[in-house]
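# Residue-level structure breakdown
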Amino acid sequence: MSTKTNIIQGDIKKRIDTWIANYPEDQRQSATMPALRIVQEANGGSLTNDLMDEIAEYLGVPPIAVYEVATFYGNYNHKPTGRHSINWCNSISCYLRGGEELRARLEEKLGVKPGEVTADGKFSIKKVECLGACGGAPMCQIGKDYHENLTEEKLFKILDELE
Ligand code: FES
């Protein structure tokens, strides 16, 4: 197997190697999730099949083992994202607390639907399943930060303050 990309080098390789070192030598697969996160960040917020193949080759696992993880969890993106990727919780607690209506207002404000990127490349929206912060519903994740108990006013202020 020979991959078409060569992103795992330098600092990226070092960061992945640090994770690999946390596990027994024959358990490199355990570093799949951090490797996906690191490569996704380095690629501007999304993954491609070629990048996932490179991760698989580097970890010495079949590509399917990497695809399974990357497509199961909502925090991996398979389409280009904006500089600020808004993961919008689409599950029951957020829904019952007005998440759906609030997302509609967000879509209006940004002029995009889930899966799209704003014309200036600043934002994208992605619908995701429960992010484990139901007590703060409705909520979303922007980059690494959780924003909870959202109202329209609070959400728009957060967005307006982002560079
Ligand atoms: S339902 Fe939204 S965080 Fe759990």
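Residues numbered from 1 in each chain as written. Predicted model: local features only at pLDDT ≥ 70, side-chain atom pairs only at ≥ 80, totals over all residues. Heavy atoms only, no water.

This model, assessed by the stated rule, comprises twelve salt bridges. Here Lys-157 ties to Glu-161 by a salt bridge, and the two come within 3.1 Å at their closest N and O atoms. You can see Lys-157 and its partner Glu-161 sitting in helix H7 (residues 152-161), four residues apart, about one turn around the helix. Per residue, the accessibility class of Lys-157 equals that of Glu-161, and both read exposed. Connected through salt bridges with shared partners, the residues Arg-15, Arg-37, Glu-41 and Lys-144 form a single ionic network. (Salt bridge = Lys/Arg side-chain N within 4 Å of Asp/Glu carboxyl O. Helix = DSSP H or I, 4+ residues; strand = E, 2+ residues; numbered from the N terminus. Buried < 20%, exposed > 50% of the residue type's maximum accessible area, 1.4 Å probe, protein only.)

Backbone torsion omega between Ala-137 and Pro-138 reads -5°, so that peptide bond is classified as cis. If you trace the backbone, Pro-138 turns up in the loop between strand E2 (123-128) and strand E3 (140-142). Phi at Asn-149 takes a positive value of approximately 50°, unusual for a residue other than glycine. Within the secondary structure, Asn-149 sits in the loop between strand E4 (145-147) and H7.

This part covers the layout of surface pockets. Empty space within the largest pocket amounts to approximately 560 Å³. Among the secondary structure elements, those contributing two or more residues to the lining of the largest pocket are helix H2 (32-42), strand E1 (84-89), E3 and E4. Counting residues per element, the lining of the largest pocket draws most heavily on H2, at five residues. The residue inventory of the lining of the largest pocket, partitioned by class, reads six nonpolar, 13 polar and five charged. A domain-level breakdown of the lining of the largest pocket finds at least three residues from each of domain 1 (10-72) and domain 2 (84-161). (1 Å grid on protein atoms, 1.4 Å probe; cavity = no way out; pocket = protein on both sides within 12 Å on 5 of 7 lines; lining within 4 Å. Points joined across faces, edges and corners; volume = space filled by probe spheres on them. Nonpolar A, V, L, I, M, F, W, Y, C, P; charged D, E, K, R; others polar. Domains from an automatic or database assignment.)

A few words on the domain arrangement of the protein. Split into domains, the protein comes out as domain 1 (10-72) and domain 2 (84-161). For domain 1 versus domain 2, the separation of C-alpha centres amounts to 27 Å.

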